[in-house]
Amino acid sequence: MNIALAGRTVLVLVVFSHSIFLMAQGHLFAGLVENLLLMSFLLYGTLNPGSRLFGPVQRKVDEGFWLTIDDGPDPGDTPVILDLLDQYETKAAFFLIGEKAAKYPDLVREIRKRGHQIGNHTWSHPQTSFWAAGPIRTSREIKKCQDLLTEILGEAPTLFRAPVGHRNFFVHPILRVLNLRLIGWSARGFDAVSTDSQEVLEKINGSLGEGSIVLAHEATAIAPEVIEGILKLLQTYDEPVVGTGS
Ligand SMILES: [Zn+2]
(Lines give C-alpha, C1' and ligand atoms only; values in the text may rest on other atoms or scores of the structure.)
Protein backbone atom coordinates (compact mmCIF):
# COMPACT_ATOMS: atom_id res chain seq x y z
CA MET A 1 0.00 0.00 0.00
CA ASN A 2 1.52 3.36 -0.91
CA ILE A 3 1.59 6.42 1.34
CA ALA A 4 -1.24 8.31 -0.42
CA LEU A 5 -3.60 5.34 -0.23
CA ALA A 6 -2.60 4.63 3.37
CA GLY A 7 -3.26 8.31 4.22
CA ARG A 8 -6.70 8.29 2.58
CA THR A 9 -7.59 4.98 4.23
CA VAL A 10 -6.63 6.31 7.67
CA LEU A 11 -8.58 9.53 7.07
CA VAL A 12 -11.72 7.61 6.03
CA LEU A 13 -11.43 5.29 9.02
CA VAL A 14 -10.92 8.20 11.42
CA VAL A 15 -13.95 10.10 10.08
CA PHE A 16 -16.05 6.93 10.04
CA SER A 17 -15.02 6.04 13.62
CA HIS A 18 -15.73 9.59 14.74
CA SER A 19 -19.25 9.45 13.27
CA ILE A 20 -19.92 6.18 15.12
CA PHE A 21 -18.46 7.69 18.31
CA LEU A 22 -20.80 10.69 18.00
CA MET A 23 -23.83 8.41 17.59
CA ALA A 24 -22.74 6.23 20.53
CA GLN A 25 -22.47 9.39 22.67
CA GLY A 26 -26.08 10.26 21.86
CA HIS A 27 -25.32 12.82 19.14
CA LEU A 28 -27.32 10.82 16.64
CA PHE A 29 -28.03 13.58 14.14
CA ALA A 30 -24.45 14.91 14.03
CA GLY A 31 -23.07 11.38 13.68
CA LEU A 32 -25.49 10.54 10.84
CA VAL A 33 -24.70 13.77 8.99
CA GLU A 34 -20.95 13.11 9.26
CA ASN A 35 -21.45 9.52 8.09
CA LEU A 36 -23.60 10.59 5.12
CA LEU A 37 -21.09 13.26 4.08
CA LEU A 38 -18.31 10.67 4.15
CA MET A 39 -20.34 8.21 2.04
CA SER A 40 -21.29 10.95 -0.47
CA PHE A 41 -17.64 11.95 -0.75
CA LEU A 42 -16.61 8.35 -1.47
CA LEU A 43 -19.47 7.74 -3.93
CA TYR A 44 -18.67 10.92 -5.86
CA GLY A 45 -15.06 9.82 -6.34
CA THR A 46 -16.15 6.35 -7.35
CA LEU A 47 -19.10 6.82 -9.68
CA ASN A 48 -18.33 10.14 -11.37
CA PRO A 49 -16.11 9.29 -14.40
CA GLY A 50 -14.55 12.76 -14.37
CA SER A 51 -13.79 12.90 -10.65
CA ARG A 52 -10.17 13.45 -9.66
CA LEU A 53 -10.85 12.71 -6.03
CA PHE A 54 -8.86 9.48 -5.98
CA GLY A 55 -6.30 10.46 -8.62
CA PRO A 56 -5.78 12.04 -12.05
CA VAL A 57 -7.95 11.26 -15.06
CA GLN A 58 -7.19 12.64 -18.53
CA ARG A 59 -10.29 14.08 -20.23
CA LYS A 60 -8.74 16.33 -22.89
CA VAL A 61 -5.85 16.42 -25.33
CA ASP A 62 -3.67 19.44 -26.02
CA GLU A 63 -4.70 19.71 -29.66
CA GLY A 64 -7.32 18.27 -32.00
CA PHE A 65 -9.50 15.32 -31.04
CA TRP A 66 -8.67 11.87 -29.77
CA LEU A 67 -10.92 9.02 -30.86
CA THR A 68 -11.12 6.14 -28.38
CA ILE A 69 -13.01 2.89 -28.96
CA ASP A 70 -13.92 0.59 -26.05
CA ASP A 71 -15.02 -3.00 -25.42
CA GLY A 72 -13.29 -4.93 -28.22
CA PRO A 73 -11.79 -6.82 -29.80
CA ASP A 74 -14.88 -8.04 -31.63
CA PRO A 75 -14.69 -10.44 -34.60
CA GLY A 76 -17.66 -8.73 -36.28
CA ASP A 77 -16.83 -5.06 -35.67
CA THR A 78 -13.06 -4.72 -35.27
CA PRO A 79 -12.09 -5.58 -38.90
CA VAL A 80 -14.80 -3.23 -40.25
CA ILE A 81 -13.73 -0.42 -37.93
CA LEU A 82 -10.06 -0.88 -38.83
CA ASP A 83 -10.95 -0.56 -42.52
CA LEU A 84 -12.99 2.58 -41.81
CA LEU A 85 -10.10 4.13 -39.89
CA ASP A 86 -7.77 3.38 -42.81
CA GLN A 87 -10.29 4.82 -45.26
CA TYR A 88 -10.50 8.07 -43.27
CA GLU A 89 -6.74 8.01 -42.54
CA THR A 90 -7.39 8.25 -38.82
CA LYS A 91 -5.71 6.66 -35.84
CA ALA A 92 -7.56 5.74 -32.64
CA ALA A 93 -6.99 4.12 -29.26
CA PHE A 94 -8.70 0.78 -28.62
CA PHE A 95 -9.41 -0.07 -24.97
CA LEU A 96 -9.63 -3.85 -24.98
CA ILE A 97 -11.27 -6.30 -22.60
CA GLY A 98 -8.85 -9.06 -21.51
CA GLU A 99 -11.30 -11.96 -21.86
CA LYS A 100 -12.05 -10.97 -25.46
CA ALA A 101 -8.39 -10.32 -26.27
CA ALA A 102 -7.61 -13.84 -25.05
CA LYS A 103 -10.16 -15.21 -27.55
CA TYR A 104 -9.03 -13.04 -30.47
CA PRO A 105 -5.29 -12.33 -30.09
CA ASP A 106 -4.89 -11.97 -33.87
CA LEU A 107 -7.30 -9.02 -33.81
CA VAL A 108 -5.23 -7.40 -31.04
CA ARG A 109 -2.09 -7.75 -33.18
CA GLU A 110 -3.97 -6.44 -36.23
CA ILE A 111 -5.06 -3.30 -34.36
CA ARG A 112 -1.45 -2.63 -33.45
CA LYS A 113 -0.21 -3.49 -36.96
CA ARG A 114 -2.53 -0.84 -38.41
CA GLY A 115 -0.90 1.76 -36.18
CA HIS A 116 -3.47 2.24 -33.42
CA GLN A 117 -2.92 2.44 -29.68
CA ILE A 118 -4.09 -0.32 -27.37
CA GLY A 119 -5.21 0.25 -23.79
CA ASN A 120 -6.27 -1.91 -20.85
CA HIS A 121 -10.04 -2.01 -20.14
CA THR A 122 -9.92 -4.69 -17.37
CA TRP A 123 -10.09 -8.44 -17.72
CA SER A 124 -13.87 -9.04 -17.55
CA HIS A 125 -15.36 -5.52 -17.71
CA PRO A 126 -17.33 -5.80 -14.43
CA GLN A 127 -19.39 -2.70 -15.14
CA THR A 128 -21.92 -3.11 -12.35
CA SER A 129 -19.50 -4.10 -9.59
CA PHE A 130 -16.06 -2.62 -10.33
CA TRP A 131 -16.83 0.47 -8.25
CA ALA A 132 -17.33 -1.76 -5.19
CA ALA A 133 -14.47 -4.19 -5.82
CA GLY A 134 -11.88 -4.71 -3.09
CA PRO A 135 -8.12 -4.34 -3.61
CA ILE A 136 -7.49 -7.96 -4.62
CA ARG A 137 -10.25 -8.12 -7.24
CA THR A 138 -9.43 -4.64 -8.56
CA SER A 139 -5.78 -5.58 -8.92
CA ARG A 140 -6.62 -8.91 -10.58
CA GLU A 141 -8.97 -7.25 -13.11
CA ILE A 142 -6.34 -4.72 -14.18
CA LYS A 143 -3.22 -6.89 -13.92
CA LYS A 144 -4.61 -9.96 -15.70
CA CYS A 145 -5.61 -7.84 -18.71
CA GLN A 146 -2.26 -6.02 -18.59
CA ASP A 147 -0.29 -9.29 -18.52
CA LEU A 148 -2.23 -10.75 -21.45
CA LEU A 149 -1.95 -7.65 -23.64
CA THR A 150 1.76 -7.43 -22.81
CA GLU A 151 2.20 -11.07 -23.83
CA ILE A 152 0.32 -10.60 -27.13
CA LEU A 153 1.93 -7.29 -28.07
CA GLY A 154 5.41 -7.79 -26.67
CA GLU A 155 5.12 -4.50 -24.76
CA ALA A 156 2.99 -3.27 -21.90
CA PRO A 157 0.07 -0.89 -22.57
CA THR A 158 0.36 2.49 -20.88
CA LEU A 159 -3.33 3.50 -21.03
CA PHE A 160 -6.23 2.36 -18.86
CA ARG A 161 -9.94 3.06 -19.01
CA ALA A 162 -12.22 1.95 -16.19
CA PRO A 163 -15.45 0.06 -17.03
CA VAL A 164 -18.16 2.71 -17.55
CA GLY A 165 -15.70 5.16 -16.00
CA HIS A 166 -16.25 3.91 -12.44
CA ARG A 167 -13.24 3.80 -10.16
CA ASN A 168 -12.74 2.78 -6.59
CA PHE A 169 -10.37 3.56 -3.79
CA PHE A 170 -7.75 1.07 -5.03
CA VAL A 171 -7.51 1.78 -8.75
CA HIS A 172 -4.97 4.61 -8.80
CA PRO A 173 -2.28 2.94 -6.67
CA ILE A 174 -2.50 -0.13 -8.93
CA LEU A 175 -2.27 2.05 -12.06
CA ARG A 176 0.84 3.72 -10.64
CA VAL A 177 2.54 0.37 -10.04
CA LEU A 178 1.72 -0.80 -13.58
CA ASN A 179 2.67 2.56 -15.12
CA LEU A 180 -0.83 3.06 -16.54
CA ARG A 181 -2.51 6.40 -17.23
CA LEU A 182 -6.26 6.69 -16.59
CA ILE A 183 -8.10 7.99 -19.64
CA GLY A 184 -11.60 9.44 -19.39
CA TRP A 185 -13.59 11.23 -22.10
CA SER A 186 -15.28 14.54 -22.79
CA ALA A 187 -17.57 13.69 -25.74
CA ARG A 188 -19.88 10.72 -26.02
CA GLY A 189 -23.26 9.71 -27.41
CA PHE A 190 -24.19 6.74 -25.21
CA ASP A 191 -23.72 4.40 -28.17
CA ALA A 192 -23.36 1.36 -25.88
CA VAL A 193 -27.00 1.64 -24.84
CA SER A 194 -28.64 3.31 -27.85
CA THR A 195 -29.87 1.74 -31.09
CA ASP A 196 -30.26 5.05 -32.89
CA SER A 197 -26.96 6.04 -34.50
CA GLN A 198 -28.27 9.44 -35.58
CA GLU A 199 -29.18 10.32 -32.01
CA VAL A 200 -25.76 9.13 -30.83
CA LEU A 201 -23.98 11.28 -33.41
CA GLU A 202 -26.03 14.35 -32.49
CA LYS A 203 -25.08 13.91 -28.83
CA ILE A 204 -21.40 13.53 -29.73
CA ASN A 205 -21.55 16.58 -31.96
CA GLY A 206 -23.20 18.53 -29.15
CA SER A 207 -20.49 17.63 -26.66
CA LEU A 208 -17.46 18.08 -28.96
CA GLY A 209 -15.12 20.86 -27.97
CA GLU A 210 -11.50 21.84 -28.11
CA GLY A 211 -9.27 18.89 -27.23
CA SER A 212 -12.17 16.45 -26.84
CA ILE A 213 -11.53 12.80 -26.13
CA VAL A 214 -14.34 11.05 -28.00
CA LEU A 215 -15.75 7.85 -26.52
CA ALA A 216 -17.19 5.18 -28.84
CA HIS A 217 -17.77 1.45 -28.51
CA GLU A 218 -17.51 -1.66 -30.61
CA ALA A 219 -19.52 -4.86 -30.13
CA THR A 220 -22.79 -2.91 -30.25
CA ALA A 221 -25.65 -3.12 -32.75
CA ILE A 222 -24.67 0.17 -34.36
CA ALA A 223 -20.87 0.30 -33.93
CA PRO A 224 -19.68 0.59 -37.57
CA GLU A 225 -22.23 3.26 -38.51
CA VAL A 226 -21.47 5.25 -35.36
CA ILE A 227 -17.71 5.09 -35.99
CA GLU A 228 -18.16 6.10 -39.63
CA GLY A 229 -20.45 8.94 -38.54
CA ILE A 230 -17.85 10.14 -36.02
CA LEU A 231 -15.10 10.00 -38.65
CA LYS A 232 -17.22 12.05 -41.06
CA LEU A 233 -18.10 14.49 -38.29
CA LEU A 234 -14.48 14.98 -37.23
CA GLN A 235 -13.53 15.68 -40.84
CA THR A 236 -15.79 18.73 -40.80
CA TYR A 237 -13.52 20.35 -38.20
CA ASP A 238 -10.19 21.95 -38.97
CA GLU A 239 -8.71 20.27 -35.92
CA PRO A 240 -6.60 17.14 -36.52
CA VAL A 241 -7.59 13.78 -35.08
CA VAL A 242 -4.59 12.70 -33.06
CA GLY A 243 -3.72 9.06 -32.70
CA THR A 244 -2.29 9.50 -29.27
CA GLY A 245 -3.38 11.14 -26.08
CA SER A 246 0.06 12.36 -25.06
ZN1 LIG B 1 -16.37 -0.53 -21.57
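Procedures and definitions
- Residues numbered from 1 in each chain as written.
- Predicted model: local features only at pLDDT ≥ 70, side-chain atom pairs only at ≥ 80, totals over all residues.
- Heavy atoms only, no water.
- Helix = DSSP H or I, 4+ residues; strand = E, 2+ residues; numbered from the N terminus.
- Contact = heavy atoms within 4.5 Å.
- Polar contact = N/O pair within 3.5 Å; in protein donor to acceptor, adjacent residues only side chain to side chain.
- Domains from an automatic or database assignment.
- Patch = residues over 30% accessible without salt bridge, like charges linked within 9 Å, V, L, I, M, F, W, Y side chains within 5 Å.
- Areas by Shrake-Rupley, 256 points an atom, 1.4 Å probe, with all protein chains shown as cover.
- Salt bridge = Lys/Arg side-chain N within 4 Å of Asp/Glu carboxyl O.
- Lys, Arg positive; Asp, Glu negative; His and termini not counted.
- Charge placed at Lys NZ, Arg CZ, Asp CG, Glu CD.
- Donors = N, O, S within 2.8 Å, 3.2 Å for Na, K, Ca; no water.
- Buried < 20%, exposed > 50% of the residue type's maximum accessible area, 1.4 Å probe, protein only.
- Pairing = 2+ DSSP bridges.
- 1 Å grid on protein atoms, 1.4 Å probe; cavity = no way out; pocket = protein on both sides within 12 Å on 5 of 7 lines; lining within 4 Å.
- Points joined across faces, edges and corners; volume = space filled by probe spheres on them.
- Nonpolar A, V, L, I, M, F, W, Y, C, P; charged D, E, K, R; others polar.
- Phe/Tyr/Trp six-rings, centres within 6.5 Å; stacked < 30°, edge-to-face > 60°.
- Lys NZ or Arg CZ within 6 Å of the ring centre and 35° of its normal.

Next up on the list: the environment of S186. Take S186: it is sitting in the loop between β5 (181-182) and β6 (187-188). A sequence separation of 154 residues divides S186 from L32, and the C-alpha atoms of the two residues are 35 Å apart. Beyond its immediate chain neighbours, meaning those up to four positions away, S186 contacts R59, K60, S207, G211, S212 and I213. Here R59 takes part through its backbone oxygen, which lies 2.9 Å from a polar atom of the side chain of S186.

Our focus in this paragraph is the domain arrangement of the chain. Once the domains are mapped, the chain shows domain 1 (3-47) and domain 2 (65-242). Here the C-alpha centre of domain 2 lies 35 Å away from the C-alpha centre of domain 1.

What follows is about a negative patch on the surface. Where like charges cluster on the molecular surface, the negative patch consists of D62, E63, E210, D238 and E239. Here E239 shows up in the loop between α9 (223-235) and β8 (241-242).

Let us now look at the coordination of the zinc ion. On the protein side, the zinc ion has D71 (OD), H121 (NE2) and H125 (NE2) as donor atoms, found 2.1 Å from it. Here the donor residues of the zinc ion share one chain and are spaced in sequence as D-x49-H-x3-H. Of this pair, D71 sits in strand β1 (residues 65-72) while H121 sits in the loop between β3 (117-120) and α6 (135-153), and the two are 50 residues apart along the sequence. No difference in accessibility class separates D71 from H121, as the two residues are buried.

A word on the pairing of β3. Burial along β3 is two-sided: Q117 and G119 facing one way and I118 and N120 facing the other are all buried. As paired elements, strand β2 (residues 93-96) and β3 share 4 bridges and run parallel to each other. The residue bridging A93 from the neighbouring strand is Q117, located in β3.

For L182, the position within the fold is in strand β5. Apart from the residues within four sequence positions on either side, L182 is in contact with P56, V57, Q58, F160, R161, A162, R167, H172 and L175.

Looking at where W66 falls in the secondary structure, it is placed in strand β1. Residue W66 is classed as buried on the basis of its relative accessible area of 0%. Sequence separation of W66 and S212 is 146 residues, and the distance between their C-alpha atoms is 6.5 Å.

A separate point is the layout of surface pockets. By volume, the largest pocket is sized at about 270 Å³. Around the largest pocket, the lining is made up of 18 residues, and of these V164, R188, A192, V193 and H217 lie nearest the centre. Of the residues belonging to the lining of the largest pocket, the class tally is 8 nonpolar, 5 polar and 5 charged.

A word on the packing of aromatic side chains. Going through the model one piece at a time under the given rule, you end up with 2 aromatic pairs. A centroid spacing of 5.2 Å and a plane angle of 80° characterise the contact between F65 and Y237, whose relative ring orientation is edge-to-face. Placement of F65 in strand β1 and of Y237 in the loop between α9 and β8 is noted, with a sequence separation of 172 residues between them. The class of F65 is buried, set by a relative accessible area of 2%. Between F169 and F170 the ring centres are 5.8 Å apart and the planes differ by 90°, which places this aromatic pair in the edge-to-face class. Note that R161 overlies the ring of F95, its terminal NZ or CZ placed 4.6 Å from the centroid.

Our focus in this paragraph is the side chain of D191. Looking at the element boundaries, D191 is found in the loop between β6 and α8 (197-207). For D191, which is buried and forms no salt bridge, the nearest opposite charge comes from R188, at a distance of 7.6 Å. In contact with D191, not counting residues within four places along its chain, are V200, L215, A216, H217, T220, I222 and V226.

There is a patch of nonpolar side chains on the surface, built from F16, I20 and M39 and spanning about 240 Å² of accessible area. Mapped onto the fold, I20 is located in helix α1 (residues 3-24). By relative accessible area, which is 39% here, I20 ends up partly exposed.

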